[in-house]
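# Examining the three-dimensional arrangement
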Amino acid sequence: MSDRPLWTVAAMAQAMRAERVGMLPQSVPGLSIDTRTIAPGEAFFAIKGEARDGHDFVPAALKAGAGLAVVAADQRAAMPKDAPLLVVPDVLDALRDLARAARARSHAKVIGVTGSVGKTSTKEALRSALATSGETHASVASYNNHWGVPLSLARCPQTARYAVFELGMNHAGEIEPLTRLVRPQVAIITTVEPVHLEFFGSVEAIADAKAEIFLGLERGGAAVINRDNRQFARLERCARSAGVERIVGFGEHARADARLIKSALHADCSTVQARILGTDVTYKLGAPGRHLVLNSLSVLAAVALAGADLALAALALAGMTPARGRGARTTLDLPGGAALLIDESYNANPASMRAALALLGQAAVSARGRRIAVVGDMLELGPRGADLHRALAEPVLTYGVDLVFCCGPLMAALWEALPSERRGGYAETSSMLEPQVLAAIHPGDAVMVKGSLGSCMGPIVTAIERNYSRREATAAAQG
């Protein structure tokens, strides 16, 4: 990593066509939109969101050590006297301008990732895999929307050799401006599933919206598409019509360019044999799940297309660990023994819920232990919502889940579809369900918590952790 500053103030001002006010530093080490995490010297962008206006937090940002604040001209009079400012017509537009400047100065191989499921885990796997070959920049958390992508791109160091960006959407037309900003050389679509159906008429319409990522692909770039997905042919046509010449399929399909030969799924990891663009690779994934095995094929295909070291990248995947809210595992200490908590609480849709139930089915339990699913509503599914929730009864039975706790009006459909012996408890809200779940956990159990963000399943995870002294699952246990 380079010690050079992220941006000189002169370069920032030029890129954003900003007016300089006050005693400005020569440079900034980073960019921030959050006073709670801002580091000394960073530039604070006063973005106006749906709930809060960043201009209200400029004094706090400066007090916390911000080197300067980027503010809108119509808010300048409200700023602290003598504050170091870059004044622009619109702060979000200025951030996009800075992102364009970052992309223009970058020599990195840029990879864009989208898909209905698995965007963040694929992006994080790419971060680890590419880092073995050189300095790698990647968007943090799920910064994949109209402000998260430009912020992530503007944060890209000039010295980075590789850069990975996650692009998200829940409406048509949202990915196109993001991909035209990022201009990837490799574009990955992990999969297309019935997600955000409330805003789309069909899964085909979702595929078309995801395929917008190809519109920003650099000339000579490559599209990496799930060969096993039902929408593959449609995505391939979209890529061709966007002028993409190199299309790489990944999956189990016999004609996949990044093809799964064999895998072994374990409770805490997986082992994989694959052929990646003609090269045989055997590797271990440090996180469990068949969906991660398949997405790892897209990761290694992108690594090869970016010119990085494939063997080193494959080795790095052994270090994968699930993030909080996305499969993180915690060992709970209960009187009489331990239990396992699997935190999948960040979000949910039919495909990711099925994958999480499959993971729970793989989890190790004691002789008397049970596999317990705690599930909340999957949102934005439109008229098919009740049917899609009811259909989860099938994977519950297929993967041997012993007890299911449901919360939310949509999950009532699953509750009614479950055999009586699989019913753990039902409540309208997660807060009402919480005491039932806490009372049910016994030594030897494996408990998985999942739901859409709006169903508020995270507090149940926090309550479980708080009620039982916790210790992180060790690497030895994961092996």
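Remember, it's a predicted structure, so these values are computed and weren't measured experimentally.

In this section: the nonpolar core. Core analysis: the largest hydrophobic core is formed by 86 residues, its most contacted members being Met 12, Met 16, Leu 31, Phe 45 and Phe 214. Element by element, the count of residues in this core is highest for helix 3 (residues 91-105), at 7 residues. Residues contacting Met 12, with those up to four places away along its chain left out, are Trp 7, Val 28, Leu 31, Ala 43, Phe 45, Val 70, Leu 86 and Leu 98.

With that settled, the discussion passes to the environment of Gly 385. Relative to the assigned elements, Gly 385 resides in helix 12 (residues 385-390). Assessed through its relative accessible area of 1%, Gly 385 is described here as buried. Sequence separation of Gly 385 and Leu 197 is 188 residues, and the distance between their C-alpha atoms is 8.7 Å.

We now examine the sheet that holds strand 2 (residues 19-21). One open sheet holds the 5 strands; their spatial order is 2-7-6-5-4, and the pairing between them is mixed. The open sheet has two edge strands with one neighbour each: strand 2 and strand 4 (31-32). In terms of strand pairing, strand 5 (residues 43-45) meets strand 6 (residues 68-72) through 3 bridges, oriented parallel. Its bridge partner lying in strand 6, Phe 45 is registered against Val 70. Sheet contacts for helix 1 (residues 9-16): strand 2, strand 4, strand 5, strand 6 and strand 7 (85-88); angle to strand 7, the most-contacted strand, approximately 10°.

Our focus in this paragraph is helix 15 (residues 430-440). Taken together, the buried positions of helix 15 are occupied by Ser 430, Leu 433, Glu 434, Val 437, Leu 438 and Ala 440. In a view along the axis of helix 15, the buried residues occupy a sector of 150°, so they form one face of it.

A positive phi angle is found at Asp 82, which is not glycine, with a value near 65°. In this structure, Leu 277 is a non-glycine residue whose phi angle is positive, near 50°. Examined against the element boundaries, Leu 277 turns out to sit in the loop between strand 15 (270-276) and strand 16 (279-285).

Contact geometry of helix 1 with helix 3 gives a least axis separation of 8 Å together with a crossing angle of 115°. Here helix 1 lies roughly perpendicular to helix 3, going by the angle between them. The handedness of the crossing between helix 1 and helix 3 comes out as right-handed. Contacts between helix 1 and helix 3 involve Met 12, Ala 15 and Met 16 from the former and Ala 94, Asp 97, Leu 98 and Ala 101 from the latter. The residue inventory of the contact of helix 1 with helix 3, partitioned by class, reads 6 nonpolar, no polar and 1 charged.

Turning next to the sheet that holds strand 10 (residues 162-166). Pairing is mixed in the open sheet, where 9 strands are placed in the order 9-10-8-11-12-13-14-15-16. Edge positions in the open sheet fall to strand 9 (136-138) and strand 16, since each of these has one partner strand only. For this sheet, the mean angle separating the axes of adjacent strands, direction not counted, is 15°. Of the pairings in the sheet, the one linking strand 13 (residues 246-251) to strand 14 (residues 258-265) comprises 2 bridges and is parallel in character. From the neighbouring strand, Gly 251 faces strand 14, where its bridge partner is Arg 259.

This next bit is on the pairing of strand 17 (residues 328-334). Among the 7 residues that make up strand 17, 6 are buried, leaving the element largely enclosed by the rest of the structure. Alignment of strand 17 against strand 18 (residues 337-344), held across 7 bridges, turns out to be antiparallel. Residue pairing in the sheet places Ala 328 in a bridge with Asp 343 of strand 18. As consecutive antiparallel partners, strand 17 and strand 18 are separated by 2 residues, and within that stretch Gly 336 has a phi angle of approximately 100°, a positive value.

Okay, the pattern of salt bridges next. In the structure shown here, the tally under the stated rule is 19 salt bridges. Note that Arg 354 and Glu 394 form a salt bridge whose closest N and O atoms lie 2.8 Å from each other. In this pair, Arg 354 sits in helix 11 (residues 350-362) while Glu 394 sits in helix 13 (residues 393-398), placing the two residues 40 residues apart along the sequence.

Counting across every chain of the model gives 2 aromatic pairs. Ring geometry for Tyr 143 against Trp 147: centres 5.0 Å apart, planes inclined by 65°, an arrangement best described as edge-to-face. Residue class for Tyr 143 comes out partly exposed when judged on its relative accessible area of 21%. By relative accessible area, which is 23% here, Trp 147 ends up partly exposed.

Position of Ala 463 relative to the elements: it lies in helix 16 (residues 458-467). On the basis of relative accessibility, which here comes to 0%, the residue Ala 463 falls in the buried class. Along the backbone, Ala 463 and Leu 438 are 25 residues apart, and their C-alpha atoms lie at a distance of 7.9 Å. Not counting the four nearest positions on each side in its chain, Ala 463 is found in contact with Glu 434 and Leu 438.

Before going further, it helps to examine the confidence of the model for the chain. Here the chain averages 94 in pLDDT, and 97% of its residues register 70 or above. The model gives residues 470-479 a pLDDT under 50, and that stretch makes 21 contacts with residues more than four places away or in other chains.

Put plainly, two cysteines are in a disulfide when a covalent bond ties their sulfur atoms together. Considering all chains together, one arrives at 0 disulfides under this definition. No disulfide involves Cys 407; its sulfur sits 8.0 Å from that of Cys 406, the nearest cysteine.

Moving on: the environment of Val 9. You can see Val 9 is positioned in helix 1. Counting along the chain gives 390 residues from Val 9 to Tyr 399, while the straight-line C-alpha distance between them is 56 Å. The residues touching Val 9, leaving out its near neighbours within four places in the chain, are Leu 24, Pro 25, Gln 26, Ser 27, Val 28, Leu 68 and Leu 86.

Cut-offs used in this document
Residues numbered from 1 in each chain as written. Predicted model: local features only at pLDDT ≥ 70, side-chain atom pairs only at ≥ 80, totals over all residues. Heavy atoms only, no water. Core = buried A, V, L, I, M, F, W, Y, C linked by side-chain atoms within 4.5 Å. Buried < 20%, exposed > 50% of the residue type's maximum accessible area, 1.4 Å probe, protein only. Helix = DSSP H or I, 4+ residues; strand = E, 2+ residues; numbered from the N terminus. Contact = heavy atoms within 4.5 Å. Pairing = 2+ DSSP bridges. Axes fitted to C-alpha atoms, helices over the stretch in contact; angles between N-to-C directions. Arc of directions from axis to C-beta. Parallel < 35°, antiparallel > 145°, perpendicular 65-115°, else oblique. Left-handed = near helix turned anticlockwise from the far one by under 90°. Nonpolar A, V, L, I, M, F, W, Y, C, P; charged D, E, K, R; others polar. Salt bridge = Lys/Arg side-chain N within 4 Å of Asp/Glu carboxyl O. Phe/Tyr/Trp six-rings, centres within 6.5 Å; stacked < 30°, edge-to-face > 60°. pLDDT = per-residue confidence, 0-100. Disulfide = S-S within 2.5 Å.

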